[in-house]
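Here's the letter readout for the chains.
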Amino acid sequence: MLILYGGEVNPNNERDVGLNERSLMNHILVIDDDPHIREIVEFTLKKSGFKVSVAEDGKCGLQSFEMERPDLVVLDILMPEMDGTEVCKRIRAESETPIVFLTSVDDEIDRVLGLEMGGDDYVTKPFSPRELVARVKAVLRRSSKTERGDSHEPKELVHGGLRLDLDRYKAYQGDVEVKLTVTEFRVLQALISYPGKVYSRDDLMDLAYPEGNVVSDRTIDSHIKRIRKKFEAAGGSPIDTVHGVGYRLAE
């Protein structure tokens, strides 16, 4: 049974969303094999003004993703036939669409694995509808900023063979583009902004999650591990570990 905290879900009190707001709302795909959770998540997101599609398992979810190309995916980890980590892996093979995982509070290994495969954030069950909406909005804001760029920042950051294009939110190792998720890019952007500076995990949490989302040390470690893996495949490894302290950009 799913227990929800921090907000009551009442279908009879759904607010009206105006025409202008509807025309601008993001499209969220929810993939979960539990019909009760799907109903709760769908209602909660619609109430907050999102367009929502749902899928009852991983295979149906991938089909919906291909057809609908949503702005963000809310993805359960534990599902029969094809679990969430496999769905994430297949989505990441072709797209950097943000992914927020739903996971049980005791399944730290699954959460870490999901982040290593390219998840942007996670919400643990039992969850608050308000927290789910807040995390979805935070990930979408980060994604939107990466697409817009920021006129107050330099357009590129370069260190050795590493180059970050801040306008297009693209990363390169030499001439090879390295595809990063929104959060991975923010972590690397923090490191390259001050080459040689050692960042603690807390520093990187604040910079990668500026909206104040609470994440664990293992979350940052997972993002670092994934960044390294991607750059090693492109011929370089941009991040050094400073044991007992944190991380810095490689000299």
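Higher on the page you've got the structure.
Residues numbered from 1 in each chain as written. Predicted model: local features only at pLDDT ≥ 70, side-chain atom pairs only at ≥ 80, totals over all residues. Heavy atoms only, no water.

Participant: Could you give an account of the sheet that holds strand β3 (residues 72-76), with specific residues and numbers?
Facilitator: Spatially, β2-β1-β3-β4-β5 is the arrangement adopted by the five strands of the open sheet, whose pairing is parallel. Sheet topology places β2 (51-55) and β5 (121-125) at the edges, where each strand pairs with a single neighbour. Each neighbouring strand pair of the sheet contributes to a mean axis angle of 20°, computed without reference to strand direction. Bridging between β3 and strand β4 (residues 99-104) involves four bridges; their strand directions are parallel. Across the sheet, Asp76 pairs through a bridge with Leu102, a residue of β4. Set on the sheet, helix α2 (residues 35-47) makes contact with β1 (27-31), β2, β3, β4 and β5; between it and β2 the angle comes to about 170°. Against the sheet, helix α4 (residues 84-92) contacts β1, β3 and β4, and its axis sits at roughly 170° relative to β4. (Pairing = 2+ DSSP bridges. Helix = DSSP H or I, 4+ residues; strand = E, 2+ residues; numbered from the N terminus. Axes fitted to C-alpha atoms, helices over the stretch in contact; angles between N-to-C directions. Contact = heavy atoms within 4.5 Å.)

Participant: So what's going on with the pairing of strand β8 (residues 170-173)? Which residues, and what values?
Facilitator: In regular strands, side chains alternate between the two faces of the sheet. Pairing between strand β7 (residues 162-165) and β8: four bridges, direction antiparallel. Bridge pairing in β8 links Leu162 to Gln173. Linkage of β7 to β8, two consecutive antiparallel strands, is achieved through a turn of four residues, within which Tyr169 is found at a positive phi near 55°. For β8 and strand β9 (residues 176-178), the ladder comprises three bridges, and the chain directions are antiparallel. The residue of β9 that forms the bridge with Ala171 is Val178. Hairpin connection between β8 and β9: a loop of two residues separates the two successive antiparallel strands, and Gly174 in this loop has a positive phi of roughly 65°.

Participant: Would you mind going over the nonpolar core in detail, with residue names and values included?
Facilitator: Counting residues in each nonpolar core, the largest one holds 27 residues, and the members touching the most others are Leu164, Leu188, Leu191, Leu204, Ile224 and Phe231. Within the residue set of this core, elements represented by two or more residues are β7, α7 (182-193), α8 (201-208), α9 (217-233) and β12 (246-249). Here the element with the most residues in this core is α7; it accounts for six residues. Each residue touching Ile224, except ones within four places of it in the same chain, is listed here: Val187, Leu191, Leu204, Ile239 and Tyr247. Phe50, Leu72, Val74 and Phe127 belong to the second largest nonpolar core, which has 18 residues in total. (Core = buried A, V, L, I, M, F, W, Y, C linked by side-chain atoms within 4.5 Å. Buried < 20%, exposed > 50% of the residue type's maximum accessible area, 1.4 Å probe, protein only.)

Participant: Any details on the packing of aromatic side chains? Residues and values, ideally.
Facilitator: This model, assessed by the stated rule, comprises one aromatic pair. A cation over a ring is seen here: Arg163 above Tyr172, with NZ or CZ 4.1 Å from the ring centre. In this arrangement the basic side chain of Lys197 is found over the ring face of Tyr194, its NZ or CZ atom lying 5.6 Å from the centre. (Phe/Tyr/Trp six-rings, centres within 6.5 Å; stacked < 30°, edge-to-face > 60°. Lys NZ or Arg CZ within 6 Å of the ring centre and 35° of its normal.)

Participant: I'd like to hear about the side chain of Asp120, residue by residue, with values.
Facilitator: You can see Asp120 is positioned in the loop between α5 (108-116) and β5. Here Arg92 takes part through its side chain, which lies 3.2 Å from a polar atom of the side chain of Asp120. Excluding residues within four positions of it along the chain, Asp120 makes contact with Arg92, Thr97, Pro98, Ile99, Leu115, Val139, Arg142, Thr181, Val182, Thr183, Tyr209 and His223. (Polar contact = N/O pair within 3.5 Å; in protein donor to acceptor, adjacent residues only side chain to side chain.)

Participant: How would you sum up unusual backbone geometry? Please name residues and give values.
Facilitator: Between Lys125 and Pro126 the backbone carries a cis peptide bond, its omega angle lying at 0°. Structurally, Pro126 can be placed in the loop between β5 and α6 (129-148). One non-glycine residue, Glu81, lies in positive phi territory at about 70°. Tracing the backbone shows Glu81 in the loop between β3 and α4. Residue classification places Glu81 among the exposed positions, given a relative accessible area of 73%.

Participant: Before we move on, could you go through the sheet that holds β7 and cite the residues and values that matter?
Facilitator: Strands sit in the order β6-β7-β8-β9 across an open sheet of four strands; the sheet is antiparallel. The sheet is open, and its two edges are formed by β6 (156-159) and β9, each paired on a single side. Each strand of the sheet is rotated relative to its neighbour by a mean of 25°, with strand direction disregarded.

None of the figures reported here should be taken as evidence of function without further support.
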